[in-house]
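Architecture and fold: a report
Single-letter residue listing:
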Amino acid sequence: MKPAASLQKRLGLGLTLGISVLWLIATAIAGVVVQHELNEAFDSALEETAQRILPLAVLEIVNREEPRALQHIASLQAHNEYLTYLVRDNHGNTLLQSHDADPAIFNAQPLEGFTTSATHRLYAASALRETVFIEVAEPLAHRREAAWETSLALLLPLLLLIPLSLLGTWLWVRLSLRTVLAYRRAIETRGAGDLSPIKAAQLPAEINPLADAVNHLMERLRRALDAERSFTANSAHELRTPLASTLAQVQRLRREAPDGPLQERAAQIETSLRELARLSEKLMQLAKAEGGGLLSETPQDLLPLLVHVVDDLRRTADVPLHLQLPRMEAVLVTIDPDAFAILLRNLIENAMKHGASSQAIEVSLSSTALLRVVNAGPVVPPALLAQLSGRFVRGNSQAEGSGLGLAIAKTIAQGVGASLLFASPAPGKPDGFAVSVQFLPA
Ligand SMILES: Nc1ncnc2c1ncn2[C@@H]1O[C@H](COP(=O)(O)OP(=O)(O)OP(=O)(O)O)[C@@H](O)[C@H]1O
Ligand SMILES: [Mg+2]
């Protein structure tokens, strides 16, 4: 899957790019307008200059002793001329020229009005019935420089605008998404099983419906899980009661029946009923393990649960049960207390049923939420060991059972994200069986 794009990055880049493009278009338009206006201003200056100089030049030439002689106008002070001029007669003879004027840049024959050569803009005017012409030239480079400098002045702000726009959008989006980020944190920090509504302060209007929808969904999920939980619990209860009363009836029948075939048949029925009761119990446990309510809304302390289950089982056990607990106040895990009890019960019952009765069963819980149940007994071959957690899979044990205990334990472990491992022989021992469950500490 493609990684999700950041809104901040998208908006920052998009807006900056948009602003830059608009700015460039505006600069281009402004450049064209400025160039047009500059040309008009320069042309008018050129025309003005020609018409100012021409009468003076004519006066000067007419008053000369030798009007046809060329004369350079000496400059008062050394300087570079932007405007140069040439005064010629109608035969093309130069009568007067400004001190920097280069005759090569002027038209061979003066043409009245404006003309443009490759390098210069020229303006020509005439006097004395078109016998004296003045032509004033201005380098085009001068105009280009003016236009270029204006455009540059318009472009320069972009250098500042781009980083400012990026930073501004980044900050603004971050500020606007503050409540969304808080909402994300609220979801991230809550427990995996917590289905209470998420409280979000003032989300943006676009996201608020989403938060409402999530809360509705969680509410529905919560109701479905509650219904499922109560259904499993009720069914177990409903089944248990008639089974127990039938069993009691059969036991009474057996006691009252005379010795003989009836007595034997009653005993068979009793055994079958016990098996049925056990199987229905295990099926209920499996149903619960497969349901969705394995995670608790708040982390549960495993220590009191463990002590309670072990104490309960000790009463019926023929084998001593050793319990080893960490020196800690609490071991917190997000697991439904009933689910934990079912898992633990199955593991300890197995150790009691299938393990050697000569040695104690060791139950331990570490501070890192590692649960271990170890018992002595014959080694289980590796090929069988790998299959024990399958449904209705039984080992070489003589004890009664349906082969569902480890399947239930595995399903619960998977449902709460714990890992379940079997080892035979038990680590550090010559024989026996060890089960370890590593829960995720809350
Ligand atoms: N602690 C143990 N020591 C030795 N063998 C075990 C132990 N736990 C399980 N086994 C082997 O794994 C098999 C499967 O165990 P599982 O709990 O799934 O079924 P079960 O105990 O036979 O029946 P059920 O639990 O449904 O009453 C058992 O039949 C037994 O051979
Ligand atoms: Mg079992």
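Remember, predicted model here, so these are calculated numbers, not experimental data. (Residues numbered from 1 in each chain as written. Chains lettered and ligands numbered in written order. Predicted model: local features only at pLDDT ≥ 70, side-chain atom pairs only at ≥ 80, totals over all residues. Heavy atoms only, no water.)

A short note on the overall build of the protein chain
Under the convention used in this document: Helix and strand assignments come from DSSP, with helices taken as H or I runs of at least 4 residues and strands as E runs of at least 2, each series counted from the N terminus. For each residue, the accessible area found with a 1.4 Å probe, counting protein chains only, is set against the maximum for its type, and the residue is called buried under 20%, exposed over 50%, and partly exposed in between. A contact between two residues is defined here by any heavy atoms of the two lying within 4.5 Å. To be clear on the numbers: accessible area is Shrake-Rupley with a 1.4 Å probe, and residue cover counts the displayed protein chains and nothing else. Lys and Arg are tallied as positive, Asp and Glu as negative. Neither His nor the chain termini are counted. The atom standing in for a charge is NZ when the residue is Lys, CZ when it is Arg, CG when it is Asp and CD when it is Glu.
For the protein chain, the count of helices and strands is nine helices and 13 strands. Dimensions of the protein chain, computed from C-alpha atoms along their principal axes, come out at roughly 170 × 45 × 40 Å. Relative to its full complement of 442 residues, the protein chain shows a buried share of 36%. Nonlocal contacts in the protein chain, meaning residues at least 24 apart in sequence, comprise 64% of its contacts between residues at least 6 apart. Summed over all atoms, the accessible surface of the protein chain reaches about 26800 Å², with 60% contributed by carbon and sulfur. The averaged location of the 45 negative side-chain charges in the protein chain is 15 Å from the averaged location of its 40 positive side-chain charges.

Concerning the side chain of Ser-436
When you line up the elements, Ser-436 lands in strand β13 (residues 433-438). Excluding anything up to four places from it in sequence, Ser-436 contacts Leu-370, Leu-371, Arg-372, Ser-419, Leu-420 and Leu-421.

Some points on the environment of Ile-269
Tracing the backbone through its elements, the reader meets Ile-269 in helix α5 (residues 261-290). As for Ile-269 and Val-250, which are separated by 19 residues in sequence, their C-alpha atoms are 7.3 Å apart.

Comments concerning the packing of helix α4 (residues 208-256) against α5
The description of two packed helices rests on the angle between their axes and on the distance between the axes. To keep things clear, this is the line we draw: To get an axis, a line is fitted to the C-alpha atoms, and for a helix only the part in contact is used. The angle between two axes follows their N-to-C directions and goes from 0 to 180 degrees. In these notes the angle categories are as follows: under 35 degrees is roughly parallel, over 145 is roughly antiparallel, 65 to 115 is roughly perpendicular, and the rest is oblique. When residues are grouped by polarity, Ala, Val, Leu, Ile, Met, Phe, Trp, Tyr, Cys and Pro land in nonpolar, Asp, Glu, Lys and Arg in charged, and all others, Gly among them, in polar.
Where α4 contacts α5, the two axes come as close as 10 Å, and the packing angle between them is 170°. Relative to α5, α4 is oriented roughly antiparallel. Taken together, the residues that form the contact of α4 with α5 break down as 13 nonpolar, six polar and seven charged.

Focus on the packing of aromatic side chains
Let me state the cut-off plainly: The aromatic pairing rule takes the rings of Phe, Tyr and Trp, using the six-membered ring of Trp, and pairs them if the centres are within 6.5 Å, calling planes under 30 degrees apart stacked, those over 60 edge-to-face and the rest tilted.
One pass over the full model with this rule turns up three aromatic pairs. Between Phe-114 and Tyr-123, the ring centres sit 4.7 Å apart and the planes meet at 50°, which makes this aromatic pair tilted. Relative accessible area serves as the criterion here: at 31%, Phe-114 is assigned to the partly exposed category. Looking at Tyr-123, the relative accessible area reads 9%, which means it is buried.

Side note on a nonpolar patch on the surface
To be explicit about the condition: Patch membership requires over 30% relative accessible area and the absence of a salt bridge. Like charges are linked within 9 Å, and nonpolar side chains (Val, Leu, Ile, Met, Phe, Trp, Tyr) within 5 Å. Whenever a carboxyl oxygen of Asp or Glu lies within 4 Å of a side-chain nitrogen of Lys or Arg, that contact is scored as a salt bridge.
Together, Leu-17, Val-21, Leu-22, Ile-25, Ile-29 and Val-33 line one region of the surface with nonpolar side chains, adding up to about 590 Å² of accessible area. By secondary structure assignment, the location of Ile-25 is in helix α1 (residues 7-62).

Points about the site of ligand 1
Quick reminder of the rule: Any residue with a heavy atom lying within 4 Å of a molecule or strand is counted as near it. Here a polar contact means two N or O atoms within 3.5 Å. Within protein one must be a hydrogen donor candidate and the other an acceptor candidate, and residues neighboring in sequence count only if both atoms are side-chain atoms.
Around ligand 1 sit 19 residues, and of these Asn-350, His-354, Asn-375, Arg-394 and Leu-404 come closest. Contacts to ligand 1 include Gly-403, whose backbone N or O atom sits 2.9 Å from an oxygen atom. Between ligand 1 and Gly-405, the relevant distance is 3.2 Å, taken from an oxygen atom to a main-chain nitrogen or oxygen of the residue. Contact with the protein chains removes 97% of the 590 Å² of surface that ligand 1 exposes when unbound. Taken together, the elements giving at least two residues each to the shell around ligand 1 come down to α7 (337-354) and α9 (405-415). The dominant element in the shell around ligand 1, judged by the number of residues it contributes, is α7, at four residues. For the shell around ligand 1, the residue count by class is six nonpolar, ten polar and three charged.

Comments concerning the nonpolar core
Just so we agree on the cut-off: Note on terminology: a nonpolar core comprises buried Ala, Val, Leu, Ile, Met, Phe, Trp, Tyr and Cys residues joined through side-chain atoms within 4.5 Å.
Ranked by internal contacts, the top residues of the largest apolar core, which has 48 residues, are Ile-335, Ile-348, Val-363, Leu-371, Ile-412 and Phe-439. Sorting elements by how many residues they give to this core places α7 first, with nine residues. In this structure, Ile-335 is in contact with Leu-294, Leu-295, Ser-296, Gln-300, Leu-302, Phe-340, Ile-412, Val-416 and Phe-439, ignoring residues within four places of it in sequence. Ranked by size, the runner-up nonpolar core spans 17 residues in total, among them Leu-54, Ala-127, Ile-134 and Val-136.

Remarks on the pattern of salt bridges
Here the structure, examined in full by the defined rule, presents 20 salt bridges. When the shortest N-O distance is used, the salt bridge between Glu-270 and Arg-274 registers 2.7 Å. Taken as a pair, Glu-270 and Arg-274 lie in helix α5 at a separation of four residues, close to a single helical turn. The buried category is assigned to Glu-270, whose relative accessible area is 7%. By relative accessible area, Arg-274 is classed as partly exposed at 41%. Via salt bridges that share partners, Asp-43, Arg-121, Glu-138 and Arg-143 belong to a single interconnected network.

So, the sheet that holds strand β10 (residues 361-365)
The criterion, for reference: A strand pair is defined by DSSP finding two or more bridges across the two strands.
An order of β8-β10-β11-β13-β12 is seen for the five strands of this open sheet, with the pairing classed as mixed. One side of each edge strand has no neighbouring strand; the edge strands of this open sheet are β8 (321-324) and β12 (419-423). Neighbour-to-neighbour, the strand axes of the sheet open up by a mean angle of 10°, direction not taken into account. Strand direction decides the pairing type here: β12 and β13, joined by five bridges, are antiparallel. Paired with Phe-422 across the strands is Val-435, a residue of β13. Contacts from α7 reach β8, β10, β11 (370-375) and β13, with the element oriented near 20° to β11.

Focus on α9
Of all eleven residues making up α9, eight are buried, and the element is well covered by its neighbours. Considered for burial, the residues of α9 that qualify are Gly-405, Leu-406, Ala-407, Ile-408, Ala-409, Thr-411, Ile-412 and Ala-413. In the core, the buried residues of α9 are packed alongside α5, α7 and β12.

With respect to the pairing of strand β2 (residues 84-89)
Summarising burial for β2: six of the six residues are buried, a large majority. Burial along β2 is two-sided: the face carrying Thr-84, Leu-86 and Arg-88 and the face carrying Tyr-85, Val-87 and Asp-89 are both buried. Inspection of the sheet shows β2 paired to strand β6 (residues 132-139) by six bridges, in the antiparallel sense. Each bridged residue has a counterpart across the sheet, and for Tyr-85 the counterpart in β6 is Val-136.

In short, the description is geometric, and any link to function would need to be established separately.
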